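# An overview of the molecular structure
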Amino acid sequence: MKAHDPVRQAARLLRGRRDAVALTGAGISVESGIPAFRGSQGLWGKYDPAEYATIGAFMRNPAKVWRMLSEMASLCGDAVPNPAHAGLAELERMGILRSVITQNVDGLHQAAGSRQVIEYHGNMESLVCIACWKQYPTRERWVDGTTPSCDCGQILKPNVVLFGEPIPWLAQESAEEEARTCGVLLVVGTSAQVSPACDIPRIARKAGAAVVEVNPEETPLTASVTDIHIPGAASEVLRTLVGILRVPGGPPPEH
Ligand code: OAD
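For every chain, the first residue of its written sequence is number 1, and the numbers climb from 1 along that sequence. Predicted model: local features are reported for residues with pLDDT of at least 70 only, side-chain atom pairs are reported and counted for 80 or more only, and whole-chain, interface and lining totals are derived from all residues. Note that water and hydrogens are dropped before the side-chain values are worked out from all heavy atoms of the structure.

## Looking at helix H9 (residues 169-181)
With 13 residues, H9 ought to run about 18 Å at 1.5 Å a step, and its terminal C-alpha atoms sit 18 Å apart, in line with that. Residues Ala171, Ala175, Glu178 and Ala179 constitute the buried set of H9. For H9, the arc enclosing every buried residue in end-on projection is 100°, short of the 170-degree limit, so these residues lie on one face. Set apart from the buried face of H9 by more than 90 degrees, the exposed residues are Trp169 and Leu170. Contacts are assigned to residue pairs that have any heavy atoms within 4.5 Å of one another. Numbered from the N terminus, helices here are DSSP runs of H or I no shorter than four residues, and strands are runs of E no shorter than two. Those residues of H9 hidden inside the fold are in contact with strand E1 (20-24), strand E2 (97-102), strand E3 (117-119) and helix H10 (199-206). One fewer than the residue count of a helix, multiplied by 1.5 Å, yields its expected span. We call a residue buried when its accessible area falls under 20% of the maximum for its residue type, exposed when it is over 50%, and partly exposed in between, using a 1.4 Å probe and counting protein chains only. Summarising the geometry, the arc corresponds to the directions from the helix axis toward the C-beta atoms.

What follows is the structure, given as C-alpha cells:
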C-alpha cells in the first residue's frame, strides 16, 4: 500500500467523524454513460450554454432549448447508477454519510438507494408552465423531439435550473445548512466552476469541516479548499473507500 494513500486518509477521517455530506457533479455520472458538461466530451462543447442553457434563451426560443434538453433527457433516461452512486448510498446505510447534495438532474443517487438527496439544480422528473406555473410529471407530457405544452397553451419547462434562474430555495437553504454542520464534505466529480454550488465546499471548510475531493483533475478548490485530493475515477475510489470502511475496527495504520 502506498505511503500516505489519500483513500486511506479519507477513510480514517470519515470513520472518525461520521457526519459526512457529499457534494456531487456531472463527473460522478460519467461512468454511467452521461457525459459531463465541460471538457472535450462535454455537452457544452456541442451546445453553447449561452445559447442553450439560460432562462433568457429558453424564453426566446423554447423549441431550440428543448432540442438540447431532449438529448439530456434521453441520456439520463437510459442511464443506471454506477459503483460511485452505490458507494455513497452504502455510506449512508452505514451511518457515515448524512446526505448528498447533487448538481445533477439524472436521479441516479435515488436510483442507487440514497435517501437524503438535495437536488440543487432540480430534476427532469417534472415540468412547469412558464405562464400559469401548473406542474406535470414529465412522462405524462413530453415525447422525445417535441416541445411540451400546458393545458393553457403555453410552453412547459423542465424543473431544472437554467443559468439566470435561482436555486430552489429549500435546496439552497438545506445545502448550506448541511455544509455548515458537517464534519467532512466529500466533493465528487465537479469542476467547481458554477456558482453558487461551488461555494458549498468553502462554506463547509470555513465552518471547520475537512474537504475531501474525488476528481481525476485538479479544480479551483484543490489548492485552496481541499484537504485531501484523491485523483481517481469516482467509481474506483468509492468502491475502495467503502471496502476499507466495511472492515471492522477501521483502516490499518499507514506505513
Ligand atoms: P463539469 O462538467 O463542469 O465537471 C465535471 C467534473 O467531473 C470535471 O472536473 C472532471 O474532471 C470530473 N470527472 C470526469 N470524470 C470523472 C470520474 N469518472 N470520476 C470523478 N470525476 C470525474 O460538471 P459540474 O461540475 O457538475 O449546471 O457542472 C456544474 C454545473 O454546470 C451543472 O450542474 C450544470 C452545468 O452547467 C446548470 O446547467 C445550471
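## Points about the pattern of salt bridges
Each reported salt bridge corresponds to a side-chain nitrogen of Lys or Arg within 4 Å of a carboxyl oxygen of Asp or Glu. Using the criterion set out here, one finds 10 salt bridges in the structure. Among the ionic pairs, Lys46 bridges to Glu71, the shortest N-O distance being 3.0 Å. Residue Lys46 is found in helix H2 (residues 43-46), and its partner Glu71 is found in helix H5 (residues 62-78); the two are separated by 25 residues along the sequence. We classify Lys46 as exposed; its relative accessible area is 55%. You can call Glu71 partly exposed: its relative accessible area is 23%. The shortest N-O distance in the salt bridge between Arg141 and Asp151 comes to 2.8 Å. Highlighted residues: Arg141 in helix H8 (residues 138-141) and Asp151 in the loop between H8 and strand E6 (156-160), separated in sequence by 10 residues. By relative accessible area, Arg141 is classed as partly exposed at 28%.

## Description of the packing of H9 against H10
Every axis in this analysis is a line fitted to C-alpha atoms, fitted for helices over the stretch in contact. Angles between the N-to-C directions lie between 0 and 180 degrees. Two elements in contact, H9 and H10, have axes whose closest approach is 7 Å; the angle formed by their N-to-C orientations is 35°. Here H9 runs over H10; the crossing is right-handed. Mapping the contact onto sequence places Ala175, Glu176, Ala179 and Arg180 in H9 and Ile200, Ile203 and Ala204 in H10. We call a crossing left-handed when the near helix sits turned anticlockwise from the far one by less than a right angle, and right-handed when that turn is clockwise.

## Brief notes about the sheet that holds E3
Through backbone hydrogen bonds, the strands of a sheet pair up, either in parallel or in antiparallel fashion. Any two strands with at least two DSSP-identified bridges between them are counted as paired. The strand order across the open sheet built from 6 strands is E3-E2-E1-E7-E8-E9, with neighbouring strands paired in parallel fashion. With partners counted over all chains shown, the strands left at the sheet margins are E3 and strand E9 (228-230), one partner each. Strand-to-strand twist in this sheet, taken as the mean axis angle between neighbours without regard to direction, amounts to 15°. Its contacts with the sheet put helix H6 (residues 83-93) on E1, E2 and strand E7 (184-188), and the angle it makes with E2 is roughly 145°.

## Structural notes on the pairing of E7
For E7, a buried count of 5 out of 5 residues is recorded, marking the element as mostly surrounded by other parts of the structure. With burial as the criterion, each face of E7 is covered, one bearing Val184, Leu186 and Val188 and the other bearing Leu185 and Val187. Across 5 bridges, E1 lies against E7 in parallel orientation. Bridged to Ala22 within E7 is Leu186. When E7 meets strand E8 (residues 210-214), the two strands line up parallel, connected through 5 bridges. Paired with Val188 across the two strands is Val214, which belongs to E8. This β-α-β element, E7 to H10 to E8, shows right-handed connectivity. Note on handedness: a crossover is taken as right-handed if, strands pointing away from the viewer, the path from the first strand over the helix to the second is clockwise.

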